[in-house]
Amino acid sequence: MSTTANTSRREFLKSSSAGSAGLLLAFYVPAFAAAPNAPAQDFKPNAYIAIDPRGDIRLVVTRSEMGQGVRTALAMILAEELDADWSRVKIEQGDCDPQYGDMTTGDSMSIRSTWDPLRKAGASARDMLLTAAADSWGVAKDECSAAGGSVIEHKKTGQKITYGQLAIKAASVPVPKDVPLKDPKDYRIVGTKRARVDGQHIVIGEAHYGIDTKVPGMLYAVVARPPVFGGKVKKFDATRALAVPGVRKVFEVAAVEMPPLFGEERKPDSGHQHYLWGGVAVVADSTWQAIAGRRALTIDWDNGPGAEESTAKQRATLTELLKTPGKELKKIGDPDSAVASAAKTVEADYETPFLAHMTMEPVNCTASVRGDKCEVWAPTQNPNGMATALASVLNLPQSALTIHITLIGGGFGRRLCIDYGVEAALISRSAGTPVKVMWTRDDDIRHDYYRPISHHRLRAGLDAQGQVTSWLHHIAAPSTDSTFLGGEVPDTGGTEIAGTGLPNGTVPNYLLEQSFLHTAVPRGYWRAVDTNWNHFAVQCFIDEIAAATGKDPLALRRQLIATKQKPAGQGDNEGETPVNVDRLLGVLNLVAEKSDWGKPLPAGRGRGIAGLFGFGSYVAHVAEVTVAKDGTLRVDRVVVAVDCGQVINPDLVAAQIEGGVVFGLTSALYDEITIQNGQVQQSNFDNYQMLRIADMPKVEVHLVPSHEPPGGIGEPGVPSTAPAVANAIFAATGKRLRRLPFQTQELAKS
Amino acid sequence: MNAISITVNGQQHSVEVSPDTPLLWVLRDTLGLTGTKFGCGQALCGACTVHVDGEATRSCTARISTVAGRNITTIEGLSADGQHPVQRAWLADQVPQCGYCQTGMIMTTAALLAKNSAPTDSDIDEALGGHICRCGTYQRIRQAVHQAAAKHSSSETSAPAAVAAAGVR
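Residues numbered from 1 in each chain as written. Chains lettered and ligands numbered in written order. Predicted model: local features only at pLDDT ≥ 70, side-chain atom pairs only at ≥ 80, totals over all residues.

### Some thoughts on the overall build of chain A
- Check the secondary structure of chain A and you find 17 helices and 28 strands.
- For a compact globule of 750 residues, the expected C-alpha radius of gyration is about 27 Å, and chain A comes in at 27 Å, within 12% of that figure.
- In terms of principal-axis extent, the alpha carbons of chain A reach across some 85 × 75 × 50 Å.
- Scored against the burial criterion, the 750 residues of chain A give a buried share of 57%.
- Sequence-distant contacts, at least 24 apart, represent 80% of the contacts inside chain A between residues at least 6 apart. (Helix = DSSP H or I, 4+ residues; strand = E, 2+ residues; numbered from the N terminus. Rg over C-alpha atoms; globule rule 2.2 N^0.38 Å. Buried ≥ 20, exposed ≤ 12 C-beta atoms within 10 Å, placed from the backbone. Contact = placed C-beta atoms within 7 Å.)

Take a look at the structure:
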């Protein structure tokens, strides 16, 4: 997505008449998920930078910070083209405001959507400052240059002047058109390691997350939500709860219908499942009193049909679904005949479970609804979606809403959902006071929007020479989007086949089909989303073919990539974005070199490889594992090669990859949300484990130098982790683990 | 409810809360010291770690009645100027991602280094094994603990870690 070459957006910058405030530039940043057919519109600025007479440079950040370093990275992009003094760049978190357009933070899009407009804004501001300086000195503009550090110099006379001194004059300079951007070889800030702008506040405990919100007159609330998905309150007795000291009010919260998350159209009878949980709210003077009050509640629940569900039944249904043809999503050639007439076939089934997000900051939200105004302090990745939902549920115009976007203690997609904001607003309205609604850890894990369970059947046909001539992939899973939109979406592919990837376009006969599991368990977007489960199956299966044909797994990947006949769609998040085979080969070769691929390891140890194109980036992992005789698995080392185009801050990229590996490992080694009688059985970190420090492998990140446009980096470190480890386990033991989390008891030697 | 007297960061407070109230919620809701974080409520994640008489303690399961009269230190009181060697090492290695768990990690590390000025990797695993970082910053945490230990034991006063200028909470 790009802002260039669009006549309606040509004049993408406007200068303010801010007068004594200095230079204020407004510019346009395109949306998170650009509607491809959106009509051309007049220029509407949605981002701002300001340079004041003291020399402070201020950028309003219109994305959410949740640890990915977006506040730092966006400021760096601006500062680079502006040739600013980095130490004077301040950022300010923008509230949710229609003037900023789509503020969603997701899909690893923040850098991708701001790279061009921020650079252009910075370059234009620098050009205006140059004009102002030349004018002040009465010299030709082309004799002046930005010296870095917010200073303009005139070398002939040795004069220097600061941006602060020029700010007011520059504000009256007409906004230039088509200012050239820097040659990357001249970068001074972009591409360098810079400390996080918010690091100091974090280490002294003064970073304010959503949970730290305190507003005058605020009370604290917890909610008893239905234990079964889709359940409702039949009746409740609040007598004992109201007797708990500090408990002020106890009331029912309705399970109201909520709109889709991202402004999509939804048919009234779509069969969506996007309702607030409902339940019974306990409002008290403190969090602990509210928790004590909830414990004293007696609630009779109507569990509804969801109570029939269990993980065992879901797995049995998914197994059955794979036995009959699914909905055909992509077909090339004649895959069925090709596999039937193949000299050799390889077949394998894979399985991944429901997963919870488990952000360290549990879900929470503070709201104040008074009269016809609603103010919310939300740790949200999706302020626009929350605004839409609040307006709809409270029956208020969006102009009556104020949504403050707080620092977020971990997002990972959980905070794209808007349930907790709607819930807090309804509770505040009923309570008649500002309320912070706190979710305990068991609330958080039992009322999540889960990464969906999935089963996969992979089949490949090989010719007599061992070449892959057909590839058939059948996915059986509940749809994520249908939670919010209804129907068996996607009807024709779309967002839930990302990661089915490479074989599409590399083999003459290809089939991708999908079957849908209907379930009351709500599904949501979990870091790297569908790429995780589809990529796990695909990358493991490539290894299985390699083993069946006696090929090296890396060599087979190289061969498949090399036979890529045309830039067909990858089925990744960019829809039909063609894969660049050279860049994919590049990261595979780099990771092989850095990981000592092919070098023998002692018995019981092995290496596994997986490579991804996704979110605009190319990432390859090699995992190195040790498997003890009793089956104990240890991941010793993970080497990752990354080509994400132009790197803004290599330290932030490395951090995201290190974290992505841990996220992937945690899911591969430990986690599974299981359902019994329609209820989530897990409750906290004791029965839903996280990787801890003692099990942290050595992670080495290697970046490919590049000046291609930046790719995403928040998610692409995750998906290859699990298959790389599965493939390493096979290399170490000769045993295939095809189900996540790994059932390592199967590795014990009898 | 009777008033309970506690000492936090050297300051005495008299709080009127039920004696079974966890220290965590007294710090956060009553005293407004929100640097101590709620993560699990069952001493499983370490986000709520404070010092009680110098010992790293999970405030989410420490009843207020059990800490009355004892010296409690929170992240806000770890250093006067935010320049404790552990805090400096955390910045120098750019440990935090979302940062939510890090104040607990820092408190446990500071308590560890007070007793063991040169912890081995297994000492670190043992001390921080009860902590969870969902962002996955463990590699940098280990590095920062070693770095803080080196500074701590040599008592050297090096230049403050580079702190970026922009300040947003």
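Next, the rest of the story.
### A look at the overall build of chain B
- Within chain B, the secondary structure is distributed over 6 helices and 5 strands.
- Taken over C-alpha atoms, the radius of gyration comes to 16 Å for chain B, in line with the 15 Å a tight globule of 169 residues would show.
- The dimensions of chain B, computed from C-alpha atoms along their principal axes, are 45 × 30 × 30 Å.
- Burial statistics for chain B: of 169 residues in total, 56% are counted as buried.
- Sequence separation of 24 or more characterises 61% of the internal contacts of chain B that already satisfy a separation of 6 or more.

### Some thoughts on the interface of chain B and chain A
- At the junction of the two partners, chain B supplies 54 residues and chain A supplies 62 residues.
- Sorting the residues of the side of chain B that touches chain A by element identifies α1 (23–30), α3 (85–92), α4 (102–115), α5 (121–128) and α6 (138–154) of chain B as the ones contributing at least two each.
- Of the residues contributing to the side of chain B that touches chain A, the split by class is 28 nonpolar, 20 polar and 6 charged. (Nonpolar A, V, L, I, M, F, W, Y, C, P; charged D, E, K, R; others polar.)

### Examining the domain arrangement of chain A
All names here are of chain A.
- Split by domain assignment, chain A resolves into domain 1 (7–203), domain 2 (210–305 + 363–438) and domain 3 (311–355 + 450–747).
- Contact with domain 1, which involves 18 residues of that partner, is made by 21 residues of domain 3.
- Listing elements by their share of the side of domain 1 that touches domain 3, those giving two or more residues are α1 (70–82) and α2 (110–137).
- Broken down by element, the side of domain 1 that touches domain 3 gets its largest block of residues, 4 residues, from α1. (Domains from an automatic or database assignment.)

### Structural notes on helix α15 (residues 581–594) of chain A
All names here are of chain A.
- With 14 residues, α15 should reach 20 Å at 1.5 Å per residue; the first-to-last C-alpha distance of 20 Å fits that figure.
- Restricting attention to buried positions, one finds in α15 the residues L584, V587, L588, L590, V591 and A592.
- Check the buried side of α15 and you find it contacts α14 (553–562), β23 (605–614), β24 (617–627), β25 (633–643) and β28 (698–703).
- D596, located one to two residues past α15, shows a positive phi value of around 60°. (Expected span 1.5 Å × (residues − 1).)

### Details of the environment of L78(A)
Residue and element names in this part refer to chain A.
- As for its position among the elements, L78 is in helix α1.
- Looking at L78, the number of C-beta atoms within 10 Å reads 26, which means it is buried.
- Each C-alpha atom, one on L78 and one on G616, is 21 Å from the other, the two residues being 538 residues apart in sequence.
- In contact with L78, other than residues within four places in its own chain, are I49, L59, L118, A121 and G122.

### Things to note about helix α6 (residues 287–295) of chain A
- Among the 9 residues in α6(A), 8 count as buried, and that is most of the element.
- Those residues of α6(A) lying buried are T287(A), W288(A), Q289(A), A290(A), I291(A), A292(A), G293(A) and R294(A).
- Of the surrounding secondary structure, the elements contacted by the buried residues of α6(A) are β9 (219–224), α5 (239–243), β11 (247–253), β12 (279–284) and β19 (435–438) of chain A together with α1 of chain B.

### What about the pairing of strand β21 (residues 468–477) of chain A?
Residue and element names in this part refer to chain A.
- Burial of β21 is extensive: 9 of the 10 residues sit out of reach of the surface.
- Pairing of strand β20 (residues 454–462) with β21, which is carried by 8 bridges, proceeds in the antiparallel orientation. In the strand pairing of β21, G461 is matched with S470.
- Once β20 ends, the chain turns through 5 residues before running back antiparallel as β21, passing G466 with a positive phi of about 85°. (Pairing = 2+ DSSP bridges.)

### Some thoughts on the domain arrangement of chain B
Residue and element names in this part refer to chain B.
- On domain assignment, one finds that chain B holds domain 1 (3–77) and domain 2 (85–154).
- Of note, the centres of domain 1 and domain 2, computed from C-alpha atoms alone, are 21 Å apart.
- At the junction of the two partners, domain 1 supplies 15 residues and domain 2 supplies 13 residues.
- Where the side of domain 1 that touches domain 2 is concerned, the elements lending two or more residues are β3 (49–52) and β4 (55–58).
- Of the residues forming the side of domain 1 that touches domain 2, the biggest block, 3 residues, is contributed by β3.
- Across the side of domain 1 that touches domain 2, the residue classes break down as 6 nonpolar, 7 polar and 2 charged.

### What about the sheet that holds strand β16 (residues 364–370) of chain A?
Residue and element names in this part refer to chain A.
- The strand order β11-β12-β9-β19-β16-β17-β18 describes an open sheet built from 7 strands, whose pairing is mixed. The sheet terminates laterally at β11 and β18 (401–405), the two strands that pair on one side only. This sheet shows a mean twist of 20° between the axes of neighbouring strands, independent of strand direction.
- Relative to β12, β11 runs antiparallel, the two sharing 6 bridges. Across the sheet, the residue bridging to E252 is V280, located in β12. (Axes fitted to C-alpha atoms, helices over the stretch in contact; angles between N-to-C directions.)

### Overview of the packing of α1(A) against α2(A)
All names here are of chain A.
- The N-to-C vectors of α1 and α2 enclose an angle of 35°; their axes lie 7 Å apart at closest approach. Crossing geometry of α1 relative to α2 is assigned as right-handed. Here V70, A73, L74, I77, L78, E80, E81 and L82 of α1 lie close against α2, whose contacting residues are S110, I111, T114, W115, L118, R119, A121, G122, A123, A125 and R126.
- Partitioning the contact of α1 with α2 into residue classes produces 12 nonpolar, 3 polar and 4 charged. (Left-handed = near helix turned anticlockwise from the far one by under 90°.)

### A word on the packing of helix α9 (residues 383–394) of chain A against helix α10 (residues 419–431) of chain A
All names here are of chain A.
- Contact geometry of α9 with α10 gives a least axis separation of 9 Å together with a crossing angle of 35°. Judged by the sense of rotation from one axis to the other, the crossing of α9 with α10 is right-handed. Contacts from M386, A389, L390, V393 and L394 of α9 reach α10 at G421, V422, A425 and L426.
- A per-class count over the contact of α9 with α10 returns 8 nonpolar, 1 polar and no charged.

### Regarding the pairing of strand β5 (residues 89–93) of chain A
Residues and elements named next belong to chain A.
- As defined by bridge partners, strand β4 (residues 57–61) adjoins β5 across 5 bridges and the pair is classed as parallel. Across the sheet, residue V60 finds its bridge partner in β5, namely E92.
- Each parallel crossover has a hand, and the one from β4 via α1 to β5 is right-handed. (Right-handed = clockwise from strand over helix to strand, strands pointing away.)

### Thoughts on the confidence of the model for chain B
Residue and element names in this part refer to chain B.
- Predicted confidence across chain B gives a mean pLDDT of 91, with 91% of residues reaching 70 or more.
- Within the model, pLDDT remains below 50 along residues 156–169, and this stretch shows 38 contacts once partners closer than five positions in the same chain are excluded.
- Interface scoring of the predicted complex returns ipTM 0.94; its pTM is 0.94. (pLDDT = per-residue confidence, 0-100.)

### Here's the deal with the sheet that holds β23(A)
Residues and elements named next belong to chain A.
- With respect to topology, 4 strands assemble into an open sheet ordered β23-β24-β25-β28, the strand pairing being mixed. Looking at which strands have only one partner, the edges of the open sheet turn out to be β23 and β28. Each strand axis lies, on average, 15° off the axis of its neighbour in the sheet, ignoring direction.
- Running over the sheet, α15 touches β23, β24, β25 and β28 and is turned about 135° from β25.
- Where helix α16 (residues 650–669) meets the sheet, it contacts β25 and β28, and its direction lies at approximately 135° from that of β28.

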